[in-house]
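# Chain and residue survey
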Amino acid sequence: MPVNAEKEIGKLWRNLHGAQAEICRTYYRWREVALAVAGPDAKPLDIAMKAAEIMGNDIGKSILPRLNWLKGEEAFMMSLGKLLAGLWVTEGGIAFAEKGEKPGEVMIRCTRDPWPSVAKTYGVPMEEVALAREKLYQSMLKDVSVFFNIPLNIEMLKAIPRGEGEYLFRLYKEN
Amino acid sequence: MAKLLFEWDYSSYPGAKAYPHLFKPIQIGNLTVPNRIKYAATEDNLNDHNGFITDADVEYMRLRAEGVVGGLCFMQGVYMDPARKGQGYVGQAAAWDDKYIPGLKKIADAIHGEKAIAGYQLMDCGRVGAVEVESGHAPSTVPQRLRVFKPMFEMTNAEIKEMVQQHVDAAKRGIEAGFDVIEISGIVGYLISNFLSSYTNRRTDEYGGDIRGRSQSMIEIIQGVKEVCGPDIPVGIRLCSDELLSDVRGNTPEESMQTYQFAEEAGADYISCTLGWQESIFPVISRDIPQGNWLFLAKRAKEHVNIPIQMAYRLFTPDKPNKAIGDGELDIWEMCRSMIADPLMPKKVLEGREDEVRHCVACNLCLARLFRDAPMTCYINPRCAHEHDETFYPKSVEEDDRKEVMIVGAGPAGLECAYVSAQRGHEVHVYDKRDELGGTILEASQAPYGDEELMTCTNYQKVMCEQAGVHFHLGTEVTEELIQDELPDTVVLATGPVYAKVPGPGGDRDNVVNVLDVLGGKAEVGEKVVVWGNRKPGIGVALFLAKQGKKVTLVGKDKSAGFDVNPSFKWRYMIYLRQNGIMAYNDCNIEEINDDGITVKTYDGYHFPVACDTIVVSEREANESLKKAVQGEGIELFVIGDALVPRNLSSAVHDGYRIGLRI
């Protein structure tokens, strides 16, 4: 029996996107759990920031084996930028890394992000979505910076949840 | 005048004539070593989990001491802190208290009983330590690249001074226990190497900064240990000549050579030259690295210091170290894995019995086991780590109990079983339909990246069989009739596996060929090949074909390729698959074979086509043939190796050995 490519790809596509949507939904379900456990005095933004920090630290540890310094600083920064963008892609976003204007500077651009629309269904403020993404990336860099002995930083220049049409991050080495 | 502990005269031995440089004396410090051979300190996880020496470890060491024929024999490194941060292996010996001295003395006495020089090693495992506690100590708090290791926290200045003193105190205990040489371990990611490396030492105090500052703790340790050792007990150190950590901004090779010079200036009497860290991304000791590959580092070390240089690292046969010593590029030949595989290796070389050496196949199973808190095991030597256990030695059978044993299959399982049972007094006949010994190893050894070394197993077994009087019937296929005619007392089926039929339509097409025929050059293979089976035989043939420029795809049922390869070697294969452009579809099966290629079915039901002109079958199944015929005759039956369950060379050898002891 020849393979029915349309049927196979269609099934795979639906399942992939279903799984990506579940990533966002699972996060916001856990956010509700955390808020319920923390009680009425807890600030949702604090909880979101703490979650981004813990998750970012852990993801940062997992990317250490995939980074190396053999090809020098420029290549290292681009490979790190691609890993950060790649994380977004696995979640269902469209994201890529590109060379910045300054040496060693990498821009991470995301033009499609599934998180804000899922956040809306859970009543999450859009500013929290943007700040959590920034915190997640900053926390990912913590162990990477120490491990390679390079002071790395990342800053958010634009954010989709702020109505700016795209996310734009600048990844750079601090002087 | 230098001290000589034991008199050895090698002049009448053939090995001393063949390898004269290996069997001439050398002075380290004020001690004369009769030859250039050293069993280097190696963890074995055989000791009590509280650091006390066990009988198993004593006997393990005694046999290696016999092997070095008067040379240096080092026990494993001891950890020295009661907090156990420096402990890197669950069965590592301890020396942080006098209560450990009696156990250590047993090892020193066992080594001396073989007229060998007893070496004792101090080893704080640093970054790869804290195996039994939550966190470890390090010069700086640098995250671990591999999650398997515990988090490390920066030591205070006072803690560093305490650590130095712990080395000195542990050295005193070693001397009291009777050891003749004290060695400090500063390699592969252990604490001293952590201090030396720019990767893990970010300190700015007296123990950090430039390479001189990073060497300060090592210098204090050498000086402190030298002081308690006095002039008659040499002190050596194992140091990386190249960390192979350029990907994480580690030391340059030039900085490593500076550490050698600092060690010499501090009073070290010799340096054991090593390379790489456990977390290096470059291979150092696996089978894919050619023998003698790293000797240039020993040569470079000798250009930088004036004390003896020792080295192991892919030197498994005596020719290369003998030449290097003769050429002035090395002083002492160290061995770890080659004496795990054959504890008496140098002794056999000396006695002119080189063909009786069971060679290490550099699979690194021993290391994989140690890193996973399991006792030492050798892939190729079933008796390893069972030296103390009488049941692991062949026992002669009474004359009345001698049997006629028919072994079907002259592969690694059959040959191992043959010589062991023949040594016990049985009359053993080995049959094989081929004209050569070796079974599937003959083909497996054709795979690239060093697999030709697998044949050393067959070469060893052949010699042992010949010495034990095994009768060979090569070119003879065993049939039911032959069994009925011979009516042996025991039949051992070591026939190897049968190769699975590709499931689904098309499995009987002409372009479906067998892995053995491909590796043996008997099958025609096109340019686009699918290999079915993602275990070692599949990987081997896939790489063999990719090296010929063919486009190869691997399809297999296991969740990951190389499921049967130990983790300390598997990573090499994963890299080679990628480098050779081999796509692996794991957790998959072949649903059908058609004119264009195959249809792959994933574990969760997706289908996709893979174009190919040839399908190579490497999936194996147990071999049931002849079983019923033997059982029907009421003959004692054993099934071993891949015929029982398709596995690997190690399982075949271990099966053969155990059944050889049982018949």
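### Brief notes about the overall build of chain A
The number of helices and strands found in chain A is five helices and four strands. Overall, chain A is about 60 × 45 × 30 Å in size when its C-alpha atoms are taken along their principal axes. Buried positions account for 24% of the 175 residues belonging to chain A. Put simply, of all contacts in chain A between residues at least 6 apart along the chain, 56% involve residues at least 24 apart.

### Here's the deal with the interface of chain A and chain B
Each partner contributes residues to the interface: chain A has 16 residues there, and chain B has 17 residues. Residue assignment for the side of chain A that touches chain B shows that the elements contributing at least two residues are α1 (5–38) and α5 (126–148) of chain A. When residues in the side of chain A that touches chain B are grouped by element, the largest group, four residues, is from α5 of chain A. Class assignment of the residues belonging to the side of chain A that touches chain B gives a composition of ten nonpolar, two polar and four charged.

### A word on the environment of A97 of chain A
Within the secondary structure, A97 of chain A is located in strand β1 (residues 94–99). A97 of chain A sits 72 residues away from F169 of chain A along the chain, and the two C-alpha atoms are 9.3 Å apart.

### Some remarks on helix α2 (residues 44–63) of chain A
Under the 1.5 Å per step criterion, the end-to-end length of α2 of chain A is 28 Å for 20 residues, consistent within 8% with the ideal 28 Å. Tucked inside the fold, the buried residues of α2 of chain A contact α1 and α5 of chain A.

### A look at the sheet that holds strand β24 (residues 597–602) of chain B
Residue and element names in this part refer to chain B. Spatially, three strands are ordered β23-β24-β25 in an open sheet, and the strand pairing comes out antiparallel. Strands at the two margins of the open sheet, each flanked by one partner only, are β23 (588–593) and β25 (607–611). Ignoring strand direction, the axes of neighbouring strands in this sheet form an average angle of 35°. In this sheet, β25 lies alongside β24 in antiparallel orientation, the contact comprising five bridges. Across the sheet, residue K601 finds its bridge partner in β25, namely H607.

### Observations regarding the domain arrangement of chain B
Residue and element names in this part refer to chain B. When its domains are assigned, chain B resolves into domain 1 (3–371), domain 2 (396–497 + 622–662) and domain 3 (500–619). Each of domain 2 and domain 3 has a C-alpha centre, and the two are 29 Å apart. Each partner contributes to the interface: domain 2 provides ten residues, whereas domain 3 provides twelve residues. In the side of domain 2 that touches domain 3, the residues fall into four nonpolar, three polar and three charged.

Procedures and definitions
- Residues numbered from 1 in each chain as written.
- Chains lettered and ligands numbered in written order.
- Predicted model: local features only at pLDDT ≥ 70, side-chain atom pairs only at ≥ 80, totals over all residues.
- Helix = DSSP H or I, 4+ residues; strand = E, 2+ residues; numbered from the N terminus.
- Buried ≥ 20, exposed ≤ 12 C-beta atoms within 10 Å, placed from the backbone.
- Contact = placed C-beta atoms within 7 Å.
- Nonpolar A, V, L, I, M, F, W, Y, C, P; charged D, E, K, R; others polar.
- Expected span 1.5 Å × (residues − 1).
- Pairing = 2+ DSSP bridges.
- Axes fitted to C-alpha atoms, helices over the stretch in contact; angles between N-to-C directions.
- Domains from an automatic or database assignment.

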